[in-house]
Amino acid sequence: MISIPHKTKQFLVLLTKVLIVAAAFYFIYNQLANNDKLDWQKFIVLFRKNQSVLGIGFILLLSVLNRYFEILKWQNLVQHIHKITVSESTKQVLAALTAGLFTPNGVGEYAGKALFFNKSETKKVIFLNLICNGIQMVLTVVFGIFGLLYFNTLYHVITAKTVLILFGACFLLSGIFFFSKKINIKGYSIEKLIHKINEIPKSIHQRNILLGVCRYLVFSHQYYFLFLAFDVDLPYLTLITTISSVYFLASSLPTFQFLDFAVKGSVAIYFFGILGVNEWIVIFISTLMWFLNVVIPVVIGSYYVLNFKTKEIV
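Residues numbered from 1 in each chain as written. Predicted model: local features only at pLDDT ≥ 70, side-chain atom pairs only at ≥ 80, totals over all residues. Heavy atoms only, no water.

Caption draft 1: Here's a closer look at unusual backbone geometry. We note that Asp 231 has phi near 60°; this positive angle belongs to a residue other than glycine. If you trace the backbone, Asp 231 turns up in the loop between helix H9 (202–229) and helix H10 (236–251). In this structure Asp 231 comes out as partly exposed when scored by relative accessible area, which is 44%. (Helix = DSSP H or I, 4+ residues; strand = E, 2+ residues; numbered from the N terminus. Buried < 20%, exposed > 50% of the residue type's maximum accessible area, 1.4 Å probe, protein only.)

Have a look at this one:
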């Protein structure tokens, strides 16, 4: 085995940290500066018309709460290994978010969090992160399906026959899941996965679900209030179910964090176009959501990445 000198290791770690942060800022700048669909003149006119310190503060508060609930979720799950403070959880969540910015569906986030723990705990940390992200995805699917069904009753995007086929496919997949849970693939099975999930105390799962619901309600309503700020006058139920549909369908597509707003934006344009909402408003709101909930946390996370110490890897 080749031994790398200590100073070389330090240099490589520093280089990696700088590259991650530099790439993060490059992608953020590139997406904001070179997006020809963003009409900044219209945004400035509307902002001056509706500017409110209280309103801006409220939208920013929702961004803080969105990420705070994620931090509390991670702190709650990690106590299955050992207890960490909110400060430590913040550092791990934001640094991992920055590290996962360039990977499909934020896969790099798993490795990012694992670096803060002993090597012997890597598998446990990755599994807990899977649980953390998994519950958010389940909630997105559940709320999204109800949203799509309600939206479809109003605008008939898909036929009743297609709805029945989709439900039939869901039942079929559920049946396959149930009957194949004992099948082993390289020592892994669904039954073992369920057993590992059940090893985590119910109180932790319950708190995880509660925090996941809180986070979902926060970011979906942040989207809703931004539409109100852009003078979109539609019934609450219509807007909120459309938002849940957009998040559900956009989350089903494989993407990168730095392209998140583009994917959600393209799905949102279709749905909100049916509602008669101007395309540039949809693009701007999707971009603002991305900026508030990804860009700002990544900027803060960059600080933690640059200050990450190699001695933390045991």
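Caption draft 2: Summary view of the nonpolar core. Counting 29 residues, the largest nonpolar core has Tyr 223, Phe 227, Ile 243, Phe 272, Val 277 and Ile 285 as the members making the most contacts within it. When contributions to this core are tallied by element, the ones reaching two or more residues are H9, H10, helix H11 (260–274) and helix H12 (279–306). It is H12 that provides the largest number of residues to this core, a total of 7 residues. Apart from the residues lying within four places of it in its own chain, the contact partners of Val 277 are Phe 227, Val 232, Leu 234, Phe 272 and Val 282. By size, the runner-up hydrophobic cluster in this structure holds 19 residues, among which are Ile 84, Val 125, Ile 204 and Phe 308. (Core = buried A, V, L, I, M, F, W, Y, C linked by side-chain atoms within 4.5 Å. Contact = heavy atoms within 4.5 Å.)

Caption draft 3: Molecular detail of H12. In a regular helix each residue adds 1.5 Å, so 28 residues correspond to 40 Å; H12 covers 38 Å between its end C-alpha atoms and thus fits that length. Along its length, H12 reaches its greatest deviation from straightness, about 35°, at Phe 291. (Expected span 1.5 Å × (residues − 1). Bend = angle between axes of the 7 residues up to and from the residue.)

Caption draft 4: Seen up close, a nonpolar patch on the surface. A contiguous nonpolar surface patch, about 370 Å² in accessible area, is contributed by Ile 56, Leu 60, Phe 291, Ile 296 and Ile 300. Taken together, the elements giving at least two residues each to the nonpolar patch come down to helix H3 (53–78) and H12. Per element, the largest residue contribution to the nonpolar patch is 3 residues, and it comes from H12. Structurally, the position occupied by Leu 60 is in helix H3. (Patch = residues over 30% accessible without salt bridge, like charges linked within 9 Å, V, L, I, M, F, W, Y side chains within 5 Å. Areas by Shrake-Rupley, 256 points an atom, 1.4 Å probe, with all protein chains shown as cover. Salt bridge = Lys/Arg side-chain N within 4 Å of Asp/Glu carboxyl O.)

Caption draft 5: Region of interest: the UniProt feature "transmembrane region" (unreviewed entry) in the protein chain. As annotated by UniProt and renumbered to match this structure, "transmembrane region" (unreviewed entry) occupies residues 12–32, 52–69, 126–151, 157–179, 209–228, 234–251, 258–275 and 281–306. End C-alpha atoms of residues 209–228 are separated by 29 Å, and the span's content is 100% helix alongside 0% strand. As a span, residues 234–251 carries 89% helix and 0% strand, and end to end its C-alpha atoms are 24 Å apart. (UniProt positions renumbered as here; feature names shortened; annotations may be inferred.)

Caption draft 6: Spatial organisation of H10. Between the first and last C-alpha of H10 there are 22 Å, a value that for 16 residues agrees with the 22 Å anticipated at 1.5 Å per step. Here H10 lies mainly inside the structure; 12 of its 16 residues are buried. Looking at H10, one finds that the buried residues are Thr 238, Leu 239, Ile 240, Thr 241, Thr 242, Ile 243, Ser 244, Ser 245, Val 246, Tyr 247, Phe 248 and Ala 250.

Caption draft 7: Just the packing of aromatic side chains, in detail. The tally for this structure, following the rule as stated, stands at 16 aromatic pairs. Between Tyr 224 and Tyr 236, the ring centres sit 5.1 Å apart and the planes meet at 80°, which makes this aromatic pair edge-to-face. Placement of the pair is Tyr 224 in helix H9 and Tyr 236 in helix H10, with a sequence separation of 12 residues. Assessed through its relative accessible area of 11%, Tyr 224 is described here as buried. Aromatic pair Tyr 270 and Phe 271: ring centres 5.4 Å apart, planes at 90°, arrangement edge-to-face. Residue Tyr 270 is classed as partly exposed on the basis of its relative accessible area of 48%. Among the aromatic residues, those joined into a ring-pair cluster are Phe 143, Tyr 216, Phe 219, Tyr 223, Phe 227, Tyr 247 and Phe 272. (Phe/Tyr/Trp six-rings, centres within 6.5 Å; stacked < 30°, edge-to-face > 60°.)

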